[in-house]
Amino acid sequence: MILKLPGLIDPHVHLRDPGATHKEDWHSGTCAALAGGFTVVMDMPNNTPPLTDAQTLAAKQRAASERAVCDYGIHFGAGADNAQIAASFAAQCSGLKMYLDQTFGPLKLDGLDSLISHMQTFPREVPILCHAEGRTIAAALFVAQIYDRPVHICHVSRKEEIELIRAAKEKGLRVTCEVTPHHLLLTLDDCETIGAGKCEVRPMLATRADVDALRANLDIVDCFATDHAPHTLFEKESANPPPGYPGLETALALYLELVREGIITLDDLIARCYENPRKIFKVPPQAETWIEVDVDAEWTARGANMYTRAKWTPFEGRTMRGQVTRVVLRGETVFENDCVIAKSGTGRDIRPLN
Ligand code: DOR
Ligand code: ZN
Ligand code: ZN
């Protein structure tokens, strides 16, 4: 059976361009997005150097406009000292990303002062997204509440985290959140098969009890996000493996697995991969845009066959059901029969400069 769905929106990817294009660039990353059924991706600022000022924003806007084959948003990076600058570029960005815990790259906010100044200064109508784990989620929720602004918590992965967010929502706090396919489908036990270096990811995979808690609270999860974080196999198997999994090309089949298991409905999937991210991140409508998915098509996940430059997947060898057969963007077929047809630069910024 072929399903026609809206083009999916992923609010959380790392396309590494500029700065680390051996891992991914705007072309390879957005080809992976189309192959996975996404017509909008929002890119994170932990580049080399981090996207925290006018110059780094302009460089990313240029790279994306030249190479992207799907539409995109650019998240600005919250630095220790750039609250005014970040606010001044809010209209050109899909969000402000704050790193409250250590992950890949140097972009990390340590001081309470910088957390406060960003929450105070950044325009309320553009989302602030937080990489926050454990207690820093409580800090982000509290400061956002004090300064009366919404906050989006990225990749929630633990039982106590999702339960705290549920309680915050029940109290009326303006918080939204996302979960990743890997935190919904894998546990620490899978590291044995995946391999220790490849398994590194932030937040780290968790326990069966955490996965069960995420699944039990999916009703309060606003978005699914891949956190597509490509690193090469060589890097992942090195002595100091960087954290992160590529995810764009496996996400939809994994979400469909949750539908088949009866954990979510197809409508729930569409709410989390399209309607909610569209509302939260104010994605403009993409006219005449849809994806066609053969929900019965079986395939085997093989990193080597993927568009991502990472060329590996934590789901290597897994039998997947559900394959994107065609993507239409603004009336043009941009992906069909496993081939990207769109030319580099077809993708548009969801926050055009003019
Ligand atoms: O595993 C991760 N990788 N988590 C993050 O927060 C960052 C990402 C990356 O950029 O590689
Ligand atoms: Zn993160
Ligand atoms: Zn991320």
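See above for the structure.
Residue indices begin from 1 for each chain and proceed along its sequence in written order. As they are written, the chains are lettered A onward and the ligands numbered 1 onward, keeping that order. At least 70 in pLDDT is required for a residue's local features to be given in this predicted model, at least 80 for side-chain atom pairs to be given and counted, and no such filter applies to totals for whole chains, interfaces and linings, which use all residues. The basis for every side-chain value is the complete set of non-hydrogen atoms in the structure, without hydrogens or water.

Q: So, the overall build of the protein: which residues are in play, and what are the values?
A: A run of H or I in DSSP counts as a helix once it spans at least four residues, and a run of E counts as a strand once it spans at least two, with each numbered from the N terminus. From N to C terminus, the protein includes 13 helices and 13 strands. Seen through its C-alpha atoms, the protein measures out along the principal axes to roughly 50 × 45 × 45 Å. Only protein chains enter the accessibility calculation, which uses a 1.4 Å probe; a residue whose area is less than 20% of its type maximum is buried, one above 50% is exposed, and one in between is partly exposed. Within the protein, the proportion of its 354 residues that are buried is 58%. Considering only contacts within the protein whose residues lie at least 6 apart along the sequence, 75% involve residues at least 24 apart. For the area figures, the Shrake-Rupley method with a 1.4 Å probe applies, and any residue is considered shielded solely by the protein chains shown. Accessible surface for the protein amounts to roughly 13,800 Å². Of this, 51% is attributable to carbon and sulfur atoms. The convention is simple: Lys and Arg are positive, Asp and Glu are negative, and His and the chain ends are not counted. For the purpose of locating charges, the reference atoms are NZ of Lys, CZ of Arg, CG of Asp and CD of Glu. Here the protein carries 37 positive and 47 negative side-chain charges, and the mean point of each set is 3 Å from the other. When checking whether two residues touch, look at their non-hydrogen atoms; a contact exists if any pair is within 4.5 Å.

Q: With reference to specific residues and values, describe helix α5 (residues 135-146).
A: To estimate how far a helix should extend, the number of its residues minus one is multiplied by 1.5 Å. Taking 1.5 Å per residue, 12 residues should reach 16 Å; α5 reaches 17 Å between its end C-alpha atoms and fits that length. Thr136, Ile137, Ala140, Leu141, Val143 and Ala144 are the residues of α5 that are buried. Elements that come into contact with the buried residues of α5 comprise α4 (112-121), β6 (128-131), β7 (151-153), α6 (159-170) and β8 (175-179). With its phi angle positive at about 55 degrees, Asp148 sits one or two positions after the end of α5.

Q: Summarise the site of ligand 1; cite the residues concerned and give the values.
A: Proximity is defined per residue: any heavy atom of the residue falling within 4 Å of a molecule or strand makes that residue near it. Near ligand 1, the surroundings consist of 13 residues, among which Arg16, Asn46, Thr103, Arg202 and His231 are the closest. In protein, a polar contact means a hydrogen-donor-capable atom and an acceptor-capable atom, both N or O and within 3.5 Å, with residues adjacent in sequence counting only if both atoms are side-chain atoms; elsewhere, any N or O pair within 3.5 Å suffices. Between ligand 1 and Thr103 there is a distance of 2.9 Å, counted from an oxygen atom to a side-chain nitrogen or oxygen. A distance of 3.0 Å separates a nitrogen atom of ligand 1 from a polar atom in the backbone of Pro243. The fraction of the free accessible surface of ligand 1 (290 Å²) that becomes covered by protein chains is 100%. A cavity, in this analysis, means grid points on a 1 Å lattice covering only the protein atoms where a 1.4 Å probe fits yet has no way out; a pocket is instead an open set bounded by protein on both sides within 12 Å along at least five of seven lines, and a residue lines either one if it has an atom within 4 Å of a point. To decide whether a molecule occupies a pocket or cavity, check its atoms: if more than half lie within 2 Å of the grid points, it is inside. Among the detected pockets, ligand 1 sits in the largest cavity.

Q: Let's hear about the coordination of the zinc ion (ligand 3): which residues, and what values?
A: Each donor-metal-donor angle in an ideal tetrahedron of four donors is 109.5 degrees, and each such angle in an ideal octahedron of six donors is either 90 or 180 degrees. Metal-coordinating donors are taken as N, O and S atoms lying within 2.8 Å of the metal, or within 3.2 Å when the metal is Na, K or Ca; because water is left out, some sites can appear incomplete. Every protein donor of the zinc ion (ligand 3) is listed here as His12 (NE2), His14 (NE2) and Asp227 (OD), and their distances to the metal cover 2.0 to 2.1 Å. One chain supplies every donor to the zinc ion (ligand 3), and in sequence these donors are spaced H-x1-H-x212-D. The distance between the zinc ion (ligand 3) and the zinc ion (ligand 2) comes to 3.5 Å. Of this pair, His12 sits in strand β2 (residues 8-13) while Asp227 sits in the loop between β9 (223-224) and α11 (233-236), and the two are 215 residues apart along the sequence. Residue classification places Asp227 among the buried positions, given a relative accessible area of 5%.

Q: I'd like a description of the coordination of the zinc ion (ligand 2), backed by residues and values.
A: Around the zinc ion (ligand 2), the donor atoms from the protein are His131 (ND1) and His155 (NE2), and they sit 2.0 to 2.1 Å away. The class for His155 is buried, based on a relative accessible area of 1%.

Q: Break down empty space enclosed by the protein for me, with residues and values.
A: Grid points are joined across faces, edges and corners, and a volume is the space filled by probe spheres set on the points. This model, assessed by the stated rule, comprises three cavities of 30 Å³ or more. Roughly 120 Å³ of internal volume is contained in the largest cavity. Forming the walls of the largest cavity are 18 residues, and the residues nearest its centre are His14, Thr103, Arg202, Asp227 and Ala229. Asp, Glu, Lys and Arg are counted as charged, while Ala, Val, Leu, Ile, Met, Phe, Trp, Tyr, Cys and Pro are counted as nonpolar; the rest, among them Gly, fall into the polar class. Looking at side-chain class alone, the lining of the largest cavity contains six nonpolar, eight polar and four charged residues. Size it by volume and the second largest cavity reaches roughly 40 Å³. Pro181, His182, Thr226, Tyr245, Pro246, Gly247, Thr250, Pro314 and Phe315 are the residues that line the second largest cavity.

Q: Now, about the sheet that holds strand β12 (residues 332-336): what can you tell me, with residues and values included?
A: Taken together, the five strands give an open sheet; going across it, the order is β1-β10-β11-β12-β13, and neighbouring strands pair in antiparallel fashion. Unpaired on one side and paired on the other, β1 (2-5) and β13 (339-340) mark the two borders of the sheet. Strand pairing is assigned whenever DSSP detects at least two bridges linking the two strands. Relative to strand β10 (residues 290-300), β1 is paired through four bridges, and the arrangement is antiparallel. Across the sheet, the residue bridging to Ile2 is Asp294, located in β10. Against the sheet, helix α1 (residues 26-36) makes contact with β11 (319-329), β12 and β13, and its axis sits at roughly 110 degrees relative to β11, the strand it touches most. Axis angles are defined between N-to-C directions and span 0 to 180 degrees, where every axis is a line fitted to C-alpha atoms and, for a helix, only to the segment in contact.

Q: Any chance you could break down unusual backbone geometry for me, citing the residues and the numbers?
A: With omega at 10 degrees, the peptide bond leading from Asp17 into Pro18 counts as cis. With respect to the helices and strands, Pro18 occurs in the loop between β2 and α1. Residue Pro49 follows Thr48 across a cis peptide bond; omega there is -5 degrees. Its location among the elements puts Pro49 in the loop between β3 (38-43) and α2 (54-67). Unlike most non-glycine residues, Arg16 shows phi in positive territory, near 65 degrees. Inspection of the secondary structure puts Arg16 in the loop between β2 and α1. On the basis of relative accessible area, Arg16 is assigned to the buried category, the value being 6%. In the Ramachandran plot, Arg330 falls in the positive-phi region, its phi being about 50 degrees despite a non-glycine side chain. With respect to the helices and strands, Arg330 occurs in the loop between β11 and β12.

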